[in-house]
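If you want the building blocks of each chain, they are given just below.
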Amino acid sequence: MNELALSLDAYPAYIYDLPGLENHIKAIRTALGGTELFYAAKANPDAEILRTLAPHVDGIEVSSGGELTHVRETLPGKPVAFGGPGKTPEELRLAHNATRIHVESPTELARLVALGRSAEILLRANLPLKTPNAALTMSGPFGMDEDALNECARLIAGNPRLTLRGVHAHLASGLDAPTMLDLAHRIAEWAIPWLNTRGAEEPELNVGGGMAVDYASPEALFDWHAYGTGLASIPARIRIEPGRAITAYHGWYVTDVLDVKTIRGETYVILRGGTHHLRTPVTKGHDQPFEVLTATGSESPATLVGQLCTPKDVFARDVLVPPLTPGDVVAFTMAGAYAWNISHHDFLMHPKPAFHYLR
Ligand SMILES: *Cc1c(COP(=O)(O)O)cnc(C)c1O
């Protein structure tokens, strides 16, 4: 990675480590045992990333018509599950041969009925389960409470084209394996009896994504083996759809120093580009981990910022760096998920980064 990063003729740039990603997904696949694995494309839908993951996942979870079209073009024939709130009639029409549709409301189900086509359905449940320590909880507008779930189950039962396959429950994110397992077992305790009384043969549970990624200690990986082993005792067909914990680790945002300023004792390193290319530290409220690829020497505190005219354009605050001067190269690591694709690229109209791939 360093060699490629230092050989680039223009910064900023993203580098994706495809062999590293492939090793990572293979290890996850093996550790999970019989649990079905879909990749949540919204974490990073880069075509090379999708092609690298494809042989090692059972399918791709998409959350919009745009993602659906992109994944179909990039990975023809790969199973897709279509989820996400507020699906339009047009999107549902596009999803005609999706492996699963994750229905979010009775209104969506009515739209499916109106299309008059067959569909294999998971109903997304919004269950009142407590999730301590979650980075985000998916209560609020996602999925359905028991009343709406029952209404949907009745509608499906009365429609020969629709098949109730199971329940989908992506309830929280940022959880470690023991907490996620506990949550999955509590979901199953409710969902399996519910599905059994509503005619779902071979009940299926999609327990979502949200596996923790610790940006402060990149080497502390989610315990996929413990998770897979614990899920195996649930008497249902189990599927998960992680995003971040699959792709976060194998992307770098590499850029160079434009200016170094000390203002009333505070040192700022101004880097080419900014959080309009790498929004992750702003949305997560963390210091993006980084490596200085050129300079060495005794470290002192500085704040790493970009070129945007806003005080929010901060990659990392008060971090220790060696003496830096214009031209030094800094690589932000763990920039492979919810990085480029969640960023506000056009703000200030700076040039876009190039994309490079380690193969
Ligand atoms: C975002 C999302 C995922 C993936 O979550 P990660 O935190 O990236 O693992 C999976 N399922 C649903 C429904 C989502 O909205």
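Residues numbered from 1 in each chain as written. Predicted model: local features only at pLDDT ≥ 70, side-chain atom pairs only at ≥ 80, totals over all residues. Heavy atoms only, no water.

## Digging into the site of the ligand
So, point 1. Surveying the vicinity of the ligand reveals 13 residues, the closest of which are K42, G210, E241, R244 and Y338.
So, point 2. Contacts to the ligand include E241, whose side-chain N or O atom sits 2.7 Å from a nitrogen atom.
So, point 3. Within the backbone of G243, one N or O atom sits 2.9 Å away from an oxygen atom of the ligand.
So, point 4. A total of 390 Å² of accessible area belongs to the ligand in isolation, and the protein chains cover 90% of it.
So, point 5. Looking at the shell around the ligand residue by residue, the class counts come to three nonpolar, five polar and five charged. (Near = heavy atom within 4 Å. Polar contact = N/O pair within 3.5 Å; in protein donor to acceptor, adjacent residues only side chain to side chain. Areas by Shrake-Rupley, 256 points an atom, 1.4 Å probe, with all protein chains shown as cover. Nonpolar A, V, L, I, M, F, W, Y, C, P; charged D, E, K, R; others polar.)

## Here's the deal with the sheet that holds strand 6 (residues 119-124)
So, point 1. Spatially, eight strands are ordered 2-3-4-5-6-8-10-11 in a closed barrel, and the strand pairing comes out parallel. Direction aside, neighbouring strands of the sheet carry axes that sit 30° apart on average.
So, point 2. Bridge analysis of strand 3 (residues 59-62) against strand 4 (residues 80-82) gives three bridges, and the strand direction is parallel. By the bridge assignment, E61 is partnered in strand 4 with A81.
So, point 3. Relative to strand 3, helix 4 (residues 65-74) is tilted by about 155°, and along the sheet it contacts strand 3 and strand 4.
So, point 4. Against the sheet, helix 8 (residues 177-196) engages strand 6, strand 8 (162-168) and strand 10 (204-206), with an angle of about 165° to strand 8. (Pairing = 2+ DSSP bridges. Helix = DSSP H or I, 4+ residues; strand = E, 2+ residues; numbered from the N terminus. Axes fitted to C-alpha atoms, helices over the stretch in contact; angles between N-to-C directions. Contact = heavy atoms within 4.5 Å.)

## Structural notes on unusual backbone geometry
So, point 1. Omega for the peptide link from Y11 to P12 comes to -5°, which places this bond in the cis form.
So, point 2. Following the sequence through the fold, P12 ends up in the loop between helix 1 (2-7) and strand 1 (13-17).
So, point 3. If you check the backbone angles, E202 has positive phi at about 45° while not being a glycine.
So, point 4. Among the structural elements, E202 can be located in the loop between helix 8 and strand 10.
So, point 5. Of note, M349 is a non-glycine position whose phi angle comes to about 55°, a positive value.
So, point 6. Along the chain, the position of M349 falls in the loop between strand 17 (329-332) and strand 18 (354-358).
So, point 7. With relative accessibility at 77%, the residue M349 sits in the exposed group. (Buried < 20%, exposed > 50% of the residue type's maximum accessible area, 1.4 Å probe, protein only.)

## Side note on the layout of surface pockets
So, point 1. Estimates place the volume of the largest pocket at around 650 Å³.
So, point 2. In terms of lining, the largest pocket is formed by 31 residues, of which the most central are K42, L136, M138, H170 and Y338.
So, point 3. A breakdown of the residues in the lining of the largest pocket according to their chemical character gives 13 nonpolar, 12 polar and six charged.
So, point 4. The residues that make up the lining of the largest pocket include at least three from each of domain 1 (2-12 + 249-358) and domain 2 (79-242).
So, point 5. Taken as a whole, the second largest pocket holds about 230 Å³ of empty space. (1 Å grid on protein atoms, 1.4 Å probe; cavity = no way out; pocket = protein on both sides within 12 Å on 5 of 7 lines; lining within 4 Å. Points joined across faces, edges and corners; volume = space filled by probe spheres on them. Domains from an automatic or database assignment.)

## Looking at the packing of helix 8 against helix 9 (residues 224-231)
So, point 1. It is the contact of helix 8 with helix 9, at a shortest axis distance of 9 Å, that shows an interaxial angle of 20°. Relative to helix 9, the element helix 8 lies roughly parallel. Classified by chirality, the crossing of helix 9 by helix 8 is right-handed. Two secondary-structure elements touch here, helix 8 through A177, M180, L181, A184 and H185 and helix 9 through A226, Y227, G230 and L231.
So, point 2. Of the residues belonging to the contact of helix 8 with helix 9, the class tally is seven nonpolar, two polar and no charged. (Parallel < 35°, antiparallel > 145°, perpendicular 65-115°, else oblique. Left-handed = near helix turned anticlockwise from the far one by under 90°.)

## Details of empty space enclosed by the protein
So, point 1. Scanning the model with the defined rule gives one cavity of 30 Å³ or more in all.
So, point 2. Of the voids in this model, the largest cavity is the one considered here, and its volume is about 70 Å³.
So, point 3. Broken down by class, the residue content of the lining of the largest cavity amounts to seven nonpolar, two polar and two charged.

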